[in-house]
Amino acid sequence: MSAGHEAFESLVGELDYPMFIVTAAGRGDRDGCLVAFATQCSIHPPRFLACISNKNRTYRIAEDADTLVVHVVPADADDLVEIFGGETGDEVDKLAQVAWREGPDGAPVLERCPNWFAGSVLERVKLGDHVGFLLEPVAGEHGVDGLQAFPFARAKHVRAGHEP
C-alpha cells in the first residue's frame, strides 16, 4: 500500500459519518442495507447521493428501482445496524425482523426511523466497489427534531453480511 493510501485510510478512519439505511423495492422484491457513504450533494435543486456496495442484494434490487428510501438511523438503534449491516438478504429476510410500511413505489419505510426521505433515482454512477445513486427527494418525514444519528464509529464492529 502506498503512503498516500495509508494516509487516506488513517484520515477517513477518524471521520464519524452518520449512518443511514437505504431501502428499495423492485422486481417484486424488497430489501435494505446499512450505508455510511452518503451526502447531500446539491442545494438547488436538492439532491442526495447514496452509495451502495455492488456486492449486496439491496444493490441488485436498487439497480431497477425508481425510488429509494433513505432513513437516518437513530443513535439507539443498535439492532437495526446489526440487521441491515451484519446480515445479507441473500440468506435472511431482514424486513421480517422489523416493523415497516410500504412507502413510495413500494420501498419499505422503517417504523423505528422517524426521519426519512424517498428519492427518485436520477442517475447511477459506478464509484469503485460502490454505486452512487443520485436522488431527488419526492417524499419524507422529519418526525423528530434534533435526532441523534447512529455514528459510523459505533458501526465499525459490524461485519458486512455480504463478502467484501
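This structure is a prediction, so every number in the text was calculated from the model and none was measured. (Residues numbered from 1 in each chain as written. Predicted model: local features only at pLDDT ≥ 70, side-chain atom pairs only at ≥ 80, totals over all residues. Heavy atoms only, no water.)

A. Up close: the pairing of strand S5 (residues 67-72). In terms of residue burial, S5 counts as a mostly covered element, since 5 of its 6 residues are buried. Judged from the 5 bridges that link them, strand S1 (residues 20-26) and S5 form a sheet pairing that is antiparallel. If you follow Phe20 over to S5, its bridge partner there is Val72. As judged from the 5 bridges shared by S5 and strand S8 (residues 115-127), these two strands associate in the antiparallel manner. Bridged to His71 within S8 is Trp116. (Buried < 20%, exposed > 50% of the residue type's maximum accessible area, 1.4 Å probe, protein only. Helix = DSSP H or I, 4+ residues; strand = E, 2+ residues; numbered from the N terminus. Pairing = 2+ DSSP bridges.)

B. Layout of the pattern of salt bridges. Under the definition given, this model contains 12 salt bridges. Arg57 is the salt-bridge partner of Asp29, the closest N and O atoms lying 2.1 Å from each other. Taken together, the residues span a long stretch of sequence, with Asp29 in strand S2 (residues 29-35) and Arg57 in helix H2 (residues 57-62) at a distance of 28 residues. Take Asp29: its relative accessible area is 31%, and that puts it in the partly exposed class. (Salt bridge = Lys/Arg side-chain N within 4 Å of Asp/Glu carboxyl O.)

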